[in-house]
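Notes for the structure review
So you can see what is in the structure, the chains are spelled out below.
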Amino acid sequence: MNLLDLWLSRSIPMCLLLQSLVLMALCFPSASMCPKGCSCLRDPHLHGLNVTCSQSRLKEIPPNLPMDTVLLRLEHNQIGAVPDQAFRGLRLLRELNLSYNAVETLGEGSFSGIEGTLQVLDLSHNRITSVHRDAFARLKARIIVDDNPWHCDCALQQAIGGMAHNHEAAARLLCRSSELLDQEGRPFLAVDTDLCNLAKRTTDYAMLVTMFGWFAMVISYVVYYVRQNQEDARRHLEYLKSLPSKPKKPDDADDISTVA
């Protein structure tokens, strides 16, 4: 065996080993990159990571998620809130699954930073009752909101108004409670009343009632004050009448006799 054959026999296995290590590094990110309780696998088709944190007893969204995450699965946990900018930096995120958690409300910036890339957002089977009116404003994703105890009010009506491309999701949204009592348990899209104007009218009515109450109280005080003064004046007059008349001076009586 000459030197060339010897070199090739040693170089080829080394190259194959290096190639395998590179592929493993690409397909299986290091443990330091993957959040605790999650598994991270690289998707060669989407050129990013599939991060799965399902059934991990998480109570909050993991911090420091890999920036090249394209699929994030957080379902079947105990997550109670979605803080503003919780997914900031995940510019490749296409699918976010938050179903079967304990989320109660959504703020204006809950999905800030992923509006342009997100394609699917699953919020079903949570405890969401209210959302900020702009929570879904810039999202173009398909949103799933089934099985939440929604309170149908002005803010929700405004939020749903910004989901014109999610008519199916809006159609499946049921009111657990509502500003209108006859709307409870019915589909939200069945509401043909402007709840924002309803709230404004309710506020105006409350202000009117309050002003009327103050006005009535002032009138009552004035009437009481006048009557009290009249009573005091009557008593004072009776007191003056009860006083004995002033006796005449003797000199005055003599003058009268002389004149007579």
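These numbers were taken from a predicted model, which means no experiment stands behind them. (Residues numbered from 1 in each chain as written. Predicted model: local features only at pLDDT ≥ 70, side-chain atom pairs only at ≥ 80, totals over all residues. Heavy atoms only, no water.)

**Concerning the state of the cysteines**
Under the counting rule described, the total for this entry stands at four disulfides. With a sulfur-sulfur separation of 1.9 Å, C154 is cross-linked through a disulfide to C196. On the S-S bond that ties C154 to C196, the torsion sits near 90°, and the link is right-handed. Separated by 42 residues along the polypeptide, C154 in helix α2 (residues 154-161) and C196 in helix α4 (residues 195-242) bring together distant segments of the chain. Owing to a relative accessible area of 21%, C196 belongs among the partly exposed residues under this scheme. The connectivity of the disulfide-linked cysteines in the chain, indexed sequentially, is 1-3, 2-4, 5-7, 6-8. (Disulfide = S-S within 2.5 Å. Helix = DSSP H or I, 4+ residues; strand = E, 2+ residues; numbered from the N terminus. Buried < 20%, exposed > 50% of the residue type's maximum accessible area, 1.4 Å probe, protein only.)

**Examining the UniProt feature "domain: LRRNT" (unreviewed entry) in the chain**
The sites that carry the UniProt feature "domain: LRRNT" (unreviewed entry) are, in the present numbering, residues 33-71. In residues 33-71, the share of helix is 0% and the share of strand is 33%. The end C-alpha atoms are 15 Å apart. (UniProt positions renumbered as here; feature names shortened; annotations may be inferred.)

**Points about the packing of aromatic side chains**
Considering all chains together, one arrives at one aromatic pair under this definition. Seen from their ring centres, F87 and F111 are 6.4 Å apart, and the 0° between their planes marks the pair as stacked. On the criterion of sequence distance, the pair formed by F87 in the loop between β3 (69-73) and β4 (95-97) and F111 in the loop between β5 (105-106) and β6 (120-122) is long-range, its members being 24 residues apart. (Phe/Tyr/Trp six-rings, centres within 6.5 Å; stacked < 30°, edge-to-face > 60°.)

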